Amino acid sequence: MLTGKLFRDGVISAANNISNSRKAVDALNIFPVPDGDTGTNMSMTIGAAAKEMAVLPDSCTLGEASSKCAGALLRGARGNSGVILSLIFRGFSKGFKELEAADGKAVARAFELGVEAAYKAVMKPTEGTILTVVRKASEAASELAKTVDDPMEVAFAAMLAAKEALAKTPEQLPVLKEAGVVDAGGQGLVLIFEGFHSVFANNAVVQPVDGGSAPEQKEEKSTVAAASGDIKFGYCSEFLIEKAAGSAKKDPLRLRAYLESIGDCVVVVDDGDVIKVHVHSNEPGNVIQAALRYGQLINIKIDNMRYQHRNAGESAPSGEEPGEVQPVNDYGFVAVCAGDGLTELFRDIGADVVVSGGQTMNPSTDDILNAVNMTPAKTVFVLPNNKNIIMAAEQAARLASGRKVKVLQTKTVPEGISAMLSFDEEASAADNELEMTRAAQGVSTALVTFAARDSEVDGISVKKGEIMGICSSKIRYVGSSINETAFKTACRLIKKSGGSIITVIYGSEVSEEDAEALRAQIEEKFPDAEVSAVNGGQPIYYYIISAE
């Protein structure tokens, strides 16, 4: 019989096994950008469960062990692969619910529920992925369970079928065949199954290499929020200026200069007939008076930030971050990004909490849930700003209580910025969700980074270390010069999108001088476009370029 102790040890063994091979799984990323993180995500996800398993006694039931495992996986899920893994184990826990131990039929049923949970979470399931691997494993388990009731033999049949399905993934997905690799998520799942098999067959827990089963992580805060003692300017003022007749000649830059003289976090955006304003100051009255010279004010919002942060921290022990704050505002925002400049930018345009993350460091479901709980709002909009973070954000939304959570499908940082700038304080949550989604969809994004490995994608040969210009998730240009590649990429982006508002976000490895040179070059090429450069400080990507 499959007991709680065997399942507990199996989880620990599985976590060690995939951790030992996580770099190899990361390297299976078919795209040569330096963001292959499937192995790391899956390892950290099941690693969270292994910590829970380590404290369970030998007397634990299978129902108890599988339930605690599923809960830990859900909270610790990172990236799409991690979320799918957590859902597979959630199905397992449903199959093992209230069982002391399981026979072969119960194991097969658990696999069926795991497959069902995983497929339901993916809007358009793709064959040749982790989904195919777990489905084939389930089919083999169900078939054998018809005649054999030994749970270990049923589990072994599932593992063999998973390996066979993994080997066939290149035949199902041409991109895998072209790159000469198997599916990374499927490989991670097979490693997890092999870790279980070591316990089931030999009663031997796979041991971690170099004495550690979990990927190394730097100690760093996952969220960024101002402490009340650090607030120099106490009032946050946001509003729109509806330009008055004759005000067109008044330069909004003068307003920005004045606001910067009396506050910080200043954003003044001239958007046709209106000017969007955001500023932190100690004199909100003076802010309003200065703005009235440009036209009529609408959608005025003034918050006392010291008061908000004092309330947010009242229940927190001294020296600790508050775990949850009261939802005193109607709306709030959680944004995910990497880079000090982008963090400040999102805070400037209204993000209550910024979660540190992006490529290569996807935040967990729990990280996003904690950020939601730290947002003092009844309705919280979450902007993942990365396609590999959306599923974790959606899981966090399901776990949240005491406030509504709306996850916007923002796949890039520029999409998230545009979505936030389109927010209307006076509109309903549903209308804002629709309008912000439209704004995000109106943004085209290009990326400039380096190749992490030799590869050939869509007929384009790339050597490790070469600079790549990426548009619409496809490599368009390869070269040796960062700015030269970035310029070619930007030109393609602008011509294809027809956008006239161009933003060049430069990363931590690009100097201000180089970024300004690129901005000027783009402006010269497209004189009718409005081109700006922003110091995002992001890792991995030299430039993130947007057009709208």
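About the thresholds
Residues numbered from 1 in each chain as written. Predicted model: local features only at pLDDT ≥ 70, side-chain atom pairs only at ≥ 80, totals over all residues. Heavy atoms only, no water. Core = buried A, V, L, I, M, F, W, Y, C linked by side-chain atoms within 4.5 Å. Buried < 20%, exposed > 50% of the residue type's maximum accessible area, 1.4 Å probe, protein only. Contact = heavy atoms within 4.5 Å. Helix = DSSP H or I, 4+ residues; strand = E, 2+ residues; numbered from the N terminus. Pairing = 2+ DSSP bridges. Axes fitted to C-alpha atoms, helices over the stretch in contact; angles between N-to-C directions. Phe/Tyr/Trp six-rings, centres within 6.5 Å; stacked < 30°, edge-to-face > 60°.

**Here we look at the nonpolar core**
The nonpolar side chains of soluble globular proteins are, as a tendency, buried together. Counting residues in hydrophobic clusters, the biggest one holds 87 residues, and the most contacted among them are Phe7, Ile46, Phe89, Phe96, Ile192 and Val382. With residues up to four places along the chain from it excluded, the contact list for Phe7 reads Leu2, Leu62, Ala65, Ser66, Cys69, Phe89, Phe96 and Phe196.

**Comments concerning the side chain of Ser546**
Positionally, Ser546 belongs in strand E19 (residues 543–547). Take Ser546: its relative accessible area is 4%, and that puts it in the buried class. Beyond its immediate sequence surroundings of up to four residues, Ser546 is in contact with Pro414, Val443, Ser444, Thr445, Leu493, Ile501, Ile502 and Thr503.

**Regarding the sheet that holds strand E18 (residues 530–535)**
Strand order across the open sheet formed by 6 strands is E16-E15-E12-E19-E17-E18, with mixed pairing between neighbours. The two strands at the open ends of the sheet, each matched to only one other strand, are strand E16 (474–479) and E18. Strand-to-strand twist across the sheet, computed as the mean angle between neighbouring axes with direction ignored, equals 20°. Across 5 bridges, the pairing between strand E15 (residues 467–471) and E16 is antiparallel.

**Points about the environment of Tyr258**
For Tyr258, the position within the fold is in helix H11 (residues 252–262). Owing to a relative accessible area of 32%, Tyr258 belongs among the partly exposed residues under this scheme. Placed 29 residues apart in sequence, Tyr258 and Val287 show a C-alpha to C-alpha distance of 8.8 Å. Tyr258 has contacts with Asn286 and Ala290, leaving out every residue within four places of it along the chain.

**Some thoughts on the packing of aromatic side chains**
Summed over all chains, the structure comprises 13 aromatic pairs. Taking the centre distance of 5.7 Å and the plane angle of 55° together, the rings of Phe196 and Phe200 count as tilted. Here the residue Phe196 and the residue Phe200 both occupy positions in helix H10 (residues 184–202), the gap between them amounting to 4 residues, near one helical turn. Judged by centre distance (5.7 Å) and plane angle (25°), the ring pair of Phe333 and Phe381 falls under stacked. Of this pair, Phe333 sits in strand E8 (residues 329–337) while Phe381 is found in strand E10 (residues 377–383), placing the two residues 48 residues apart along the sequence. Just as Phe333 is buried, Phe381 falls in that class too.

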